[in-house]
Protein chains: 2
Amino acid sequence: MPFLIADFASFILFSFMADSLTTQHPSSSVGDYLKAIWEISGSGTASTKEVANRLSVSSASVTNMFGRLQEMGLVRYERYRGASLTRRGLVEALRLVRRHRLIETFLLEHLGYSWQDVHKEAERLEHAVSDKFTERLAKLLGHPDRDPHGDLIPATDGTFASERSKPLSETEAGQRVHIIRVSDESASVLNHLGDRGLIPGRVLSVKEVRSLDGVVTVEDEDGDEHPLGETLARAIFVQAVAEPT
Amino acid sequence: MPFLIADFASFILFSFMADSLTTQHPSSSVGDYLKAIWEISGSGTASTKEVANRLSVSSASVTNMFGRLQEMGLVRYERYRGASLTRRGLVEALRLVRRHRLIETFLLEHLGYSWQDVHKEAERLEHAVSDKFTERLAKLLGHPDRDPHGDLIPATDGTFASERSKPLSETEAGQRVHIIRVSDESASVLNHLGDRGLIPGRVLSVKEVRSLDGVVTVEDEDGDEHPLGETLARAIFVQAVAEPT
DNA sequence: CTGTATTTTTAGCATAAGCTAAATCGTAGG
DNA sequence: CCTACGATTTAGCTTATGCTAAAAATACAG
């Protein structure tokens, strides 16, 4: 009866283990939909439009797939009301997320990929690798519990270590924090931050949090200052450093 | 204007480089067919039946696909007469073979897969990885020109180093040879040979080649003798050792 | 050289996934 | 409370890939 805590929501899973999909593995399309629902809503409900946007398919296709996913027992779906993952759907989604994040880690650490290139490649690979491959890869990587963006990697049983970080936009001047993860929603954001060395593990002092326009100014370990607008400040997740020196 | 020499046939490819498929990459089914044709016939013709057997699909499906492959300019096809690869089809097939063999090498050397498990995993992965991934992997592996079975790995431009090995069944008593490659057609053969240490790189003395029943008896470096029936003797490819001691 | 056995093709269907255009639902503004 | 607009669904098609059963072509044996 493990806890599963995601960034936005936390919830409990009951008796979880035995009944993963021993049957046929879902097609890669099916998996994409499940992952999209999870990324949008976690344990909540995702609308047709949101999923359509994320996957770049038409709303009609999503409606269609929602129906099919329900048949398969992977989502709960009510007309005009969106879909949410069932227990089985969640397990499947998290299996893919685990694969994705482990593959990204491998691409970055062993094949020298850059942050920008990693996502697309992992997106294709996650549908082709077996569980065996995934676990061997995890071993090769030393069983990391975060990927290089700092995102938590779900365990094989679909649980997460808990997440304690908050966006930089919610810190206060004077705090010393270190970067836990960086949102990977936008490649350009990733790029910008990467260029400036604002990556997981870095320690920052918060100089100013200006409520007026949401700009947060931080100073890094080299003494360089970085003014960060709302978009950026919300994409950087940090945790207070124990000893504020 | 490189040479391309395969096990069974050799032939020349003309101006080869510039026109690889810059267009859309073929689907994974299309690739499977191309590879099957290549594996069956090299530069020759593969029949509907042979391809159907190898891919475990119906003959009707193969006929259908042959037509489509011709539309795409990947094979030459004549009704009732089988299909052979065009230049473009060959390039595409060899691209997949390269991927497959590099992935197998990675699975064996870095993820600790056994010979038997490697094939199926590679079969799925070869359709999901990009050229970029493939080349980075090649670099990680030290640009090998043979995979762990000893099969030649095509270069990026679709050429092969030349192959000089012959099956053990065609050697003569008294020769000293080393194993270049082992046929990966059958998992059980692979298994048997792997168990006995009869793997690429091993040096053997040929004790007897009995024309009566095709049994070849060899002695390995540890002094152990192995009597090998026709099936096995034809699955082990060797090359004479320079100095017969 | 002829007829049977084997291969190959054709015809007709199935399924997963996607699309567009038209119809319908739900909700927020007046 | 009603209406209009955006979101959602339905209807009808499309494409890739597969299948089975029946028809046609080829090939081999006597």
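Residues numbered from 1 in each chain as written. Chains lettered and ligands numbered in written order. Predicted model: local features only at pLDDT ≥ 70, side-chain atom pairs only at ≥ 80, totals over all residues.

Engineer: Please provide a residue-by-residue account of the overall build of chain A, values included.
Structural biologist: Secondary structure summary: chain A contains 8 helices and 10 strands in total. The buried share of chain A, taken over its 245 residues, is 33%. By sequence separation, contacts in chain A at least 24 residues apart represent 59% of the contacts at least 6 residues apart. (Helix = DSSP H or I, 4+ residues; strand = E, 2+ residues; numbered from the N terminus. Buried ≥ 20, exposed ≤ 12 C-beta atoms within 10 Å, placed from the backbone. Contact = placed C-beta atoms within 7 Å.)

Engineer: Could you give me a rundown of the protein's contact with DNA strand D, with the residues and numbers involved?
Structural biologist: In the vicinity of DNA strand D there are 20 residues, among which A:Ser47, A:Lys49, A:Ala60, B:Ser27 and B:Ala60 approach most closely. The leading source of residues in the surface near DNA strand D is helix 3 (residues 59–71) of chain B, at 5 residues. Class assignment for the residues of the surface near DNA strand D results in 7 nonpolar, 10 polar and 3 charged. (Near = placed C-beta within 6 Å. Nonpolar A, V, L, I, M, F, W, Y, C, P; charged D, E, K, R; others polar.)

Engineer: Tell me about the relation of the copies chain A and chain B, and please be specific about residues and values.
Structural biologist: With an RMSD of 0.1 Å, the operation that places chain A on chain B is a rotation of 180° combined with a shift of 0.0 Å along the axis. The transformation just described matches what one would write down for a two-fold rotation axis. Taking the C-alpha atom as reference, chain A places A:Ala128 closest to the rotation axis, 3.2 Å from it. Most of the interface of chain A is mirrored in chain B, where 100% of its interface residues again form contacts. (Least-squares fit on C-alpha atoms with pLDDT ≥ 70 in both.)

Engineer: Could you give me a rundown of the pairing of strand 6 (residues 176–182) of chain B, with the residues and numbers involved?
Structural biologist: The side chains of a regular strand alternate, residue by residue, between the two faces of the sheet. Residue and element names in this part refer to chain B. Burial of strand 6 is extensive: 5 of the 7 residues sit out of reach of the surface. The pairing of strand 6 with strand 7 (residues 203–210) spans 3 bridges and is classified as antiparallel. Following the sheet pairing, arginine 176 is matched in strand 7 by serine 205. (Pairing = 2+ DSSP bridges.)

Engineer: Mind laying out the sheet that holds strand 5 (residues 166–167) of chain A, listing which residues take part and the relevant values?
Structural biologist: Backbone-to-backbone hydrogen bonds pair the strands of a sheet. The strands run either parallel or antiparallel. Residue and element names in this part refer to chain A. Judged by pairing direction, the sheet is antiparallel, and its 6 strands sit side by side in the order 5-10-6-7-8-9 without closing on themselves. Looking at the sheet topology across the chains shown, the edges are occupied by strand 5 and strand 9 (225–228). As paired elements, strand 7 (residues 203–209) and strand 8 (residues 216–219) share 4 bridges and run antiparallel to each other. Across the sheet, serine 205 pairs through a bridge with glutamate 219, a residue of strand 8.

Engineer: Go over the interface of chain A and chain B, please, and point to the residues and values.
Structural biologist: Each partner contributes residues to the interface: chain A has 14 residues there, and chain B has 14 residues. Tallying contributions element by element places helix 6 (residues 131–140) of chain A first for the side of chain A that touches chain B, with 4 residues.

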